[in-house]
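# Per-entry structural report
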Amino acid sequence: TRLIDAAAGFCPQGWFSDGNRLLARGRSATWIVSLLTGNVRMLLDLDTPTALSPDESRIAFVGTRQGIHGIWVARNDGSQLENVFTSNDSILAFSWSPGGDRFAFIRRSFSSAESWIESRDVRGKNVTTVLEDVRLYSYATDAGLVWLPDGRLVFALQEVAPNYRDSNLWSIQVDPHSGRATGSPSRISNFNGFRWANLSVSRDGSRLVALKGHSVL
């Protein structure tokens, strides 16, 4: 365990494959933290949830910049920042495809409770709707989404009443190049009294990590 004073208050967003650098956000910016030297370097003056592409060539940012809400993509050195998607809807979870040529996110309508998993290419084009279900997000259960190396999208889905404060993990097979679903949703967990969020997966796809919260009555 090592405490890096210069990174105090930062929120980790992802590891680089060398295991020595960390992508983090905090203090109104996005940073690269060296675990070897303890040095921190500001990447962009953008403090929003971020995701490093599988080949580490791009970084996606989800949030608001200069009054524009949506998804932004930049090179891994922070250059060539581009707004690839703009919407007033909520963007609740984000994940790159295994090859990094597409991304997926959970989108919740600004004007209704409708929610769906949407996929786009890195330019924000070639849009597909993978799955529509209002239970993809609720104030009681939050949201979670991750794209596995084998092509499956894993997501959290709220349980029906009376267990509406609980959620469980489901998956659906998706073509990582077209973003189109090639199968039907299937349940992969069956827990009571929990809700799932902040999903992530190991590089080889063998382990899934999630934040599991206790449901509160």
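Just above sits the structure.
Glancing now at the layout of surface pockets. Space inside the largest pocket adds up to approximately 1,400 Å³. Taken together, 41 residues make up the lining of the largest pocket; nearest its centre are Gln13, Ala51, Leu199, Ser200 and Val201. Only β1 (11-15), β2 (21-26), β5 (50-52), β9 (90-96), β13 (145-147), β17 (194-201) and β18 (208-214) provide two or more residues apiece to the lining of the largest pocket. Among the elements that take part in the lining of the largest pocket, β9 stands out by supplying 6 residues, more than any other. Its boundaries defined by the atoms lining it, the second largest pocket holds a volume of some 200 Å³. Taken together, Ser57, Arg58, Val73, Ala74, Arg75, Asn76, Gln80, Glu82, Val122 and Arg123 form the lining of the second largest pocket. In terms of residue count, strand β7 (residues 68-75) provides more of the lining of the second largest pocket than any other element does, 3 residues in total. A breakdown of the residues in the lining of the second largest pocket according to their chemical character gives 3 nonpolar, 3 polar and 4 charged.

By the secondary structure assignment, Trp196 is in strand β17. With 153 residues separating them in the primary sequence, Trp196 and Leu43 have C-alpha atoms 30 Å apart.

In this section: unusual backbone geometry. Residues Ala161 and Pro162 are joined by a peptide bond in cis, for which omega reads 10 degrees. Note that Pro162 resides in the loop between β14 (152-158) and β15 (167-173). Even without being a glycine, Ser28 presents a positive backbone phi close to 65 degrees. Mapping Ser28 onto the fold places it in the loop between β2 and β3 (29-34). Given a relative accessible area of 55%, Ser28 falls into the exposed group. A positive phi is found at Asn126, a non-glycine position, where the angle reads about 50 degrees. Secondary-structure assignment places Asn126 in the loop between β11 (115-121) and β12 (128-132). For Asn126, a relative accessible area of 53% puts it in the exposed group.

Reading the values: the criteria
Residues numbered from 1 in each chain as written. Predicted model: local features only at pLDDT ≥ 70, side-chain atom pairs only at ≥ 80, totals over all residues. Heavy atoms only, no water. 1 Å grid on protein atoms, 1.4 Å probe; cavity = no way out; pocket = protein on both sides within 12 Å on 5 of 7 lines; lining within 4 Å. Points joined across faces, edges and corners; volume = space filled by probe spheres on them. Helix = DSSP H or I, 4+ residues; strand = E, 2+ residues; numbered from the N terminus. Nonpolar A, V, L, I, M, F, W, Y, C, P; charged D, E, K, R; others polar. Buried < 20%, exposed > 50% of the residue type's maximum accessible area, 1.4 Å probe, protein only.

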